[in-house]
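Architecture and fold: a report
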Amino acid sequence: MALRSMTGFARADGSGEGTRWTWEVRSVNGRGLDIRIRTPPGLEHVEQAVRDRVAERIARGNVQLTLSAKREAGEEKLSVNEEILDQVADAIDAIGQRFKVSAGSAEAILAIRGVVDASSPELDEPARRALGERVVASLDEALVELVDVRAREGAAIGQLLGARLDEIEHLVAAAEDTPGRTAEAIRARLSEQLAVLLENQNALDPARLHQEAVLLATRADIREELDRLAAHVAAAGELVSAGGPIGRRLDFLAQELNREVNTLCAKSNDLALTKIGLDMKSSIDQFREQVQNLE
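Let me sum up the structure you'll find in this document. As the structure is a computational prediction, the values presented were derived from the model and not from experiment.

Details of the nonpolar core
Residues L161, I168, L250, M280 and F287 are the most contacted members of the largest nonpolar core, which totals 29 residues. Of all the secondary structure elements, the ones that give two or more residues to this core are α4 (125-176), α7 (223-242), α8 (247-267) and α9 (271-291). At 7 residues, α4 tops the list of elements feeding residues into this core. In this structure, V50, V54, V63 and L67 belong to the second largest nonpolar core, which totals 23 residues.

What to know about the layout of surface pockets
Empty space within the second largest pocket amounts to approximately 180 Å³. If you trace the second largest pocket, you find it lined by R31, R60, G247, R248, D251, V291, Q292 and L294. Residue contributions to the lining of the second largest pocket peak at 3 residues, all from α8. Taken together, the residues of the lining of the second largest pocket sort by class into 2 nonpolar, 2 polar and 4 charged.

Regarding the sheet that holds strand β2 (residues 19-28)
Pairing is mixed across the open sheet formed by 4 strands, whose spatial order is β1-β2-β4-β3. Among the strands making up the open sheet, the edge pair consists of β1 (8-16) and β3 (33-38). Averaged over all pairs of adjacent strands, the angle between their axes in this sheet comes to 15 degrees, without regard to strand direction. The pairing of β3 with strand β4 (residues 61-71) spans 6 bridges and is parallel. Across the sheet, L33 pairs through a bridge with G61, a residue of β4. Docked against the sheet, helix α1 (residues 47-57) engages β2, β3 and β4, running at close to 145 degrees with respect to β3. Packing of α4 onto the sheet brings it into contact with β1, β2 and β4, and relative to β1 it is tilted by some 155 degrees.

What counts as what
- Residues numbered from 1 in each chain as written.
- Predicted model: local features only at pLDDT ≥ 70, side-chain atom pairs only at ≥ 80, totals over all residues.
- Heavy atoms only, no water.
- Core = buried A, V, L, I, M, F, W, Y, C linked by side-chain atoms within 4.5 Å.
- Buried < 20%, exposed > 50% of the residue type's maximum accessible area, 1.4 Å probe, protein only.
- Helix = DSSP H or I, 4+ residues; strand = E, 2+ residues; numbered from the N terminus.
- 1 Å grid on protein atoms, 1.4 Å probe; cavity = no way out; pocket = protein on both sides within 12 Å on 5 of 7 lines; lining within 4 Å.
- Points joined across faces, edges and corners; volume = space filled by probe spheres on them.
- Nonpolar A, V, L, I, M, F, W, Y, C, P; charged D, E, K, R; others polar.
- Pairing = 2+ DSSP bridges.
- Axes fitted to C-alpha atoms, helices over the stretch in contact; angles between N-to-C directions.
- Contact = heavy atoms within 4.5 Å.

Now the structure itself:
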């Protein structure tokens, strides 16, 4: 199953029942699936069907759908506004009597704004339902395009995620092989640190000295952090390969990766290991930024 981004745009046109319409669909990142619909007067009844169609195809993101519709010119009906026409006639009579001029032609009178209204006839209920069904059906074209756009962008994000995971995996291996992690190096550091403590041994009892030594040894051991980092990288790689709506699970793994590398850096008392940890943190941050765009 393909990875999908949460961002995209699509458009679809349709016509029927004497009406032409256009769907525009936009989607951006979101914590869940948030669907917002704008419809023109008379087509509000399609909103629930539209929501169902979107939910069938999209799992996550803020999706905004805008429907614009217009009756075709041949369907418009002209009508004369008798009230305004009477006012115009009275004004023409008054002007003619005052200035001794003849009345205007009928064409000129009809051209006066408000005298003639062009309106579309109201659809009866069967025609309104039929129009709604056509409008909803035409949305599929826009949704197919939107899903395709999101899938293409998702594929590109998948490649970036794979590259970041490879970087993190290599850095975990480099941390494993850091000379400062060898038993000899750890023993040497502990000896140096204990030597400092032993300089003041008169002030420390044996139990306290043993406690300090155990604490130093514990801080030097990052075995658990490395194992967890490797496990999280493997799990993230499996999710990316499987595809589908995995954005939330990958985001959780990114948080766990960040937690482990922070602990590793805090425990490290070796410069080379600290540098590796900081490089790893940078790769994890880049990984999480890309994950935020996934469905």
